[in-house]
Structures are given as structure tokens and as C-alpha cells.
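# An overview of the molecular structure
Residue-level listing of the chains:
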Amino acid sequence: MGELLNNHKAKEKRRALRHDAPPAEVLLWAKLRNRQLNGWKFRRQYSISYYIADFCCPECNIVIEIDGPSHEGEEAAIYDQNRQHYFESLGFCVVRFSNQQIYERLPEVLENLLSLCESRGKE
């Protein structure tokens, strides 16, 4: 699966997404980066084939998606569903949080992520 991960062709797009990240993603990243979540390595704007996940922990095959205004509407919902099914077909567990959850319940979000990492991880 290594050839599917972090596609070098999407490097500039990933960089642009990181640069223009919504505040909820910036807030979550501040808590996930540098192995702050009990040593688990997360990556931000991570390519998986032709899709880009908001966050990914390759060690435990978890994809985190933060749903903000860009995920509203029928077309976006269909795209998100197709992308989620693709990630799951590769063995990833996809977890979705809303911007509101990140802003209002960040400790609970982090606790849920830690529990999921520990249950799926290969430590």
C-alpha cells in the first residue's frame, strides 16, 4: 500500500491545504502534532491515492476528517461518502468530527482518538 500513501504529485495541493487550514483543523493539529497523543504519529493533509485526508495515523490506520462548511450540501456528501468508502476499502477507520465538536469538546475528541489508536495500534 506504500505506493498509495502521500502521493508526491499532490504535494503542492497538500501544502496549500495546510496553509489555508480552517481554525478547527489548526486547533486539532496543535494537539496531535509531534506525537503529543500518547506517542502516536499523525500526519496532516495526507494523501491516500488520489484523495487527501485531513489527518491520518498510518500506524493504526485511522483517518480523521473535520467537517466544516465545505462538507455541506448533497454533492459534498456524496464525495465524502465515496472517499470514506475508498479509505475503508484500504483498511482505514474513518472518524468524523464537526468543527463545533473540535471547538466545544476537544478533550473528549482527543480521548476518543486515543482510545481508537490504542485499540487499533501496532505498538
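Described below are features of the structure shown in this document. (Residues numbered from 1 in each chain as written. Predicted model: local features only at pLDDT ≥ 70, side-chain atom pairs only at ≥ 80, totals over all residues. Heavy atoms only, no water.)

Now for the packing of aromatic side chains. This structure, assessed with the given rule, holds 7 aromatic pairs. Between the aromatic rings of W29 and F55, the centroid separation amounts to 5.9 Å while the plane-to-plane angle is 20 degrees, which identifies the pairing as stacked. Of this pair, W29 sits in helix α2 (residues 23-32) while F55 sits in strand β2 (residues 51-57), and the two are 26 residues apart along the sequence. Residue classification places W29 among the buried residues on the basis of a relative accessible area of 15%. Residue class for F55 comes out buried when judged on its relative accessible area of 0%. Look at Y51 and F87: their rings are 5.9 Å apart centre to centre, the planes differ by 80 degrees, and that puts the pair in the edge-to-face class. Residue Y51 is located in strand β2, and its partner F87 is located in helix α3 (residues 74-89); the two are separated by 36 residues in the primary sequence. Taking relative accessible area as the criterion, Y51 reaches 11% and is therefore assigned buried. These aromatic residues form a ring-pair network of at least three members: Y50, Y51, Y79, Y86, F87 and F92. (Phe/Tyr/Trp six-rings, centres within 6.5 Å; stacked < 30°, edge-to-face > 60°. Helix = DSSP H or I, 4+ residues; strand = E, 2+ residues; numbered from the N terminus. Buried < 20%, exposed > 50% of the residue type's maximum accessible area, 1.4 Å probe, protein only.)

Shape descriptors only; they carry no functional weight alone.
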